[in-house]
Amino acid sequence: MWESKNIETNTIHGGKKSQGEHGPLSTPIYQTSTFVFDDVQQGADRFAGDAQGHIYSRLGNPTVDELEARMAVLEETEAAAAFGSGMGAVSAAVFGLLKAGDHLITSHRLYGCTFALFNHQLPAFGIEVSFVDLADAQAVRAAIKPNTKVIYGETPINPCLTVIDLDSIAAIGQEHGIITVIDNTFMSPILQRPATHGIDLVLHSATKYLNGHGDVVAGILCGPSALIDHIKMTTRKDMGAVMSPHDAWLVIRGLKTLHLRVQRHCENAQVVAEYLQGHGAIEKVYYPGLPDHPGYRLLGTQMQGAGGVMAFELKCSFEQAVAFINQLKMCKRAVSLGDAETLIQHPASMTHSTYAPEELAEAGISRTLIRLAVGLENAEDIKADLDQALVTIL
Ligand code: MET
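Rules used in this analysis
Residues numbered from 1 in each chain as written. Predicted model: local features only at pLDDT ≥ 70, side-chain atom pairs only at ≥ 80, totals over all residues. Heavy atoms only, no water. Helix = DSSP H or I, 4+ residues; strand = E, 2+ residues; numbered from the N terminus. Rg over C-alpha atoms; globule rule 2.2 N^0.38 Å. Buried < 20%, exposed > 50% of the residue type's maximum accessible area, 1.4 Å probe, protein only. Contact = heavy atoms within 4.5 Å. Areas by Shrake-Rupley, 256 points an atom, 1.4 Å probe, with all protein chains shown as cover. Lys, Arg positive; Asp, Glu negative; His and termini not counted. Charge placed at Lys NZ, Arg CZ, Asp CG, Glu CD. Polar contact = N/O pair within 3.5 Å; in protein donor to acceptor, adjacent residues only side chain to side chain. Domains from an automatic or database assignment. Buried area = accessible area lost by both parts, 1.4 Å probe. Nonpolar A, V, L, I, M, F, W, Y, C, P; charged D, E, K, R; others polar. Near = heavy atom within 4 Å. Expected span 1.5 Å × (residues − 1). Salt bridge = Lys/Arg side-chain N within 4 Å of Asp/Glu carboxyl O. Axes fitted to C-alpha atoms, helices over the stretch in contact; angles between N-to-C directions. Left-handed = near helix turned anticlockwise from the far one by under 90°.

**As for the overall build of the protein chain**
Reasoning step 1: Regarding its fold elements, the protein chain presents 14 helices and 12 strands.
Reasoning step 2: Its C-alpha atoms give the protein chain a radius of gyration of 21 Å, near enough to 21 Å, the size a compact globule of 394 residues would have.
Reasoning step 3: With the C-alpha coordinates of the protein chain rotated into their principal frame, the extents come out at 75 × 50 × 35 Å.
Reasoning step 4: The proportion of buried residues among the 394 residues of the protein chain is 55%.
Reasoning step 5: When contacts within the protein chain are restricted to residue pairs at least 6 apart in sequence, those whose partners lie at least 24 apart make up 72%.
Reasoning step 6: Roughly 16,100 Å² of accessible area belongs to the protein chain as shown, and the carbon and sulfur atoms make up 54% of that amount.
Reasoning step 7: For the protein chain, the separation between the mean place of its 29 positive charges and that of its 43 negative charges on side chains is 2 Å.

**Some points on the side chain of His265**
Reasoning step 1: On the secondary structure map, His265 appears in helix H11 (residues 258–277).
Reasoning step 2: By relative accessible area, His265 is classed as buried at 1%.
Reasoning step 3: Looking at His265, its side chain comes within polar contact range of the main-chain oxygen of Val374, at 2.8 Å.
Reasoning step 4: Not counting the four nearest positions on each side in its chain, His265 is found in contact with Tyr209, Gly307, Gly308, Gly338, Asp339, Val374, Gly375 and Leu376.

**Observations concerning the domain arrangement of the protein chain**
Reasoning step 1: The domains assigned to the protein chain are domain 1 (7–255) and domain 2 (259–391).
Reasoning step 2: Taking only C-alpha atoms, the centre of domain 1 and the centre of domain 2 are 27 Å apart.
Reasoning step 3: Each partner contributes residues to the interface: domain 1 has 40 residues there, and domain 2 has 38 residues.
Reasoning step 4: A buried area of about 3,100 Å², summed over both sides, lies between domain 1 and domain 2, and 61% of it is on carbon and sulfur atoms.
Reasoning step 5: Counting the surface domain 1 buries against domain 2, the share from its top three residues, Pro159, Leu191 and Tyr209, is 22%.
Reasoning step 6: For the side of domain 1 that touches domain 2, the secondary-structure elements that each account for two or more residues are helix H1 (7–13), helix H5 (112–124), helix H8 (188–191) and helix H10 (245–255).
Reasoning step 7: By residue number, the principal contributor to the side of domain 1 that touches domain 2 is H5, which donates 5 residues.
Reasoning step 8: Partitioned by chemical class, the residues of the side of domain 1 that touches domain 2 number 20 nonpolar, 16 polar and 4 charged.

**Focus on the site of the ligand**
Reasoning step 1: Around the ligand, a shell composed of Tyr111, Asn158, Lys208, Val335, Ser336, Thr351 and Arg371 is seen.
Reasoning step 2: Taking Arg371, its side chain carries an N or O atom lying 2.6 Å from an oxygen atom of the ligand.
Reasoning step 3: Here the ligand loses 74% of its free accessible area of 300 Å² to cover by the protein chains.
Reasoning step 4: Class assignment of the residues belonging to the shell around the ligand gives a composition of 2 nonpolar, 3 polar and 2 charged.
Reasoning step 5: Structurally, the shell around the ligand is a two-domain feature, drawing no fewer than three residues from each of domain 1 (7–255) and domain 2 (259–391).

**As for the side chain of Glu66**
Reasoning step 1: Position of Glu66 relative to the elements: it lies in helix H3 (residues 62–75).
Reasoning step 2: Assessed through its relative accessible area of 0%, Glu66 is described here as buried.
Reasoning step 3: Side chain to side chain, Glu66 and Thr27 meet in a polar contact 2.8 Å long.

**Quick notes on helix H4 (residues 86–97)**
Reasoning step 1: End to end, H4 covers 17 Å across 12 residues, agreeing with the expected 16 Å (1.5 Å per residue, within 8%).
Reasoning step 2: Taking burial as the measure, the 12 residues of H4 include 11 buried ones, the bulk of the element.
Reasoning step 3: For H4, the full list of buried residues reads Gly86, Gly88, Ala89, Val90, Ser91, Ala92, Ala93, Val94, Phe95, Gly96 and Leu97.

**Thoughts on the pattern of salt bridges**
Reasoning step 1: Applying the stated rule across the entire model yields 11 salt bridges.
Reasoning step 2: In this structure, the salt-bridge partner of Glu66 is Lys16, at a minimum N-O distance of 3.9 Å. Of this pair, Glu66 sits in helix H3 while Lys16 is found in the loop between H1 and helix H2 (40–48), placing the two residues 50 residues apart along the sequence.
Reasoning step 3: Members of the salt-bridge network, linked through shared partners, are Lys16, Glu66 and Arg70.

**Details of the packing of H4 against H5**
Geometry of a packed helix pair, given as the angle between the helix axes and the separation of the axes.
Reasoning step 1: Between H4 and H5, the least distance of the axes is 10 Å, while the angle of their chain directions is 35°. Pair H4 / H5 crosses with right-handed handedness. Contacts from Met87, Val90, Ser91, Val94 and Phe95 in H4 reach Cys113, Thr114, Leu117, Phe118 and Leu122 in H5.
Reasoning step 2: Classifying every residue of the contact of H4 with H5 by side-chain character gives 8 nonpolar, 2 polar and no charged.

This is the structure:
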């Protein structure tokens, strides 16, 4: 295994193991469900944890292992665990860390399915949940109870890009012996590495920037070996949200260009955000690369770039906002982000439709809010498509 001090090199070489006698450059896809034992004793020893070696691909697979090793290098953690989806990673983490009677502190703003898991599923299993503003350290401290075990957040937050100060959350967690978990999907390790700020577990929907080509649904959790091994051997093994070897191979392939893609996403998003901010039909643009965004102050320290996602409010009715989205010709009407194609979606009726109307209001998601995940096209083409569609509401 080889590791550089430069993340651009590590996206290509970091964590790569030598693969067998033929010396392939590209990681082989171990497309197998099970692994053959030489004899009964060897199988028994592997099950007992007394011998190294694979057993069954729900418990571990060499292609998936390599992706995990690569992600641990990129996020600067000891270990990583791969999952069949981002929500597979979220649920394995919280069910692996919490039991009935425990308390979770989380954000009042979260991705829709994470919110649904925390708001509906966890309480059904006897886990208490408090939704607070994680950008407000006083509010987080005030929410701590004797049974608080985990603080979970996203930064920037989906869909309005609110930025949480990682140093502050990590410090609170460390002071009180509470495990901190951060969803780093919107940034990727190229722009932000939460573990270097003291966050315990770093989570990704690998569906997004890590894979980057819109053809995989996957998740990753990075952190200390003790926590990752615990989650692998409890909730991942027993609930079974594992990543397939083929999907792991596709994500490994995606990682090799991650630094180039993320750089271009950021450049394009900056151009598009400035264009939208100057357009008469736009009420407000939420993008941490704009100086009036509260997260802008953490650019260059916590975040090495503002990312490719923004949200904006239109100065119009809901019907006009819908007409605008329907009028786009190149930008695709689709949820997800981090793909080569620019994707646009309506959070209130799509990614965040799990929120009740009053919960949407509390989370700052209006019916005229639109989320744009800027792609890798020429920025002038993205602007031109938005421009011709914005004419419908002027
Ligand atoms: N998490 C993805 C997004 O925010 C997919 C969402 S809806 C099933 O776009």
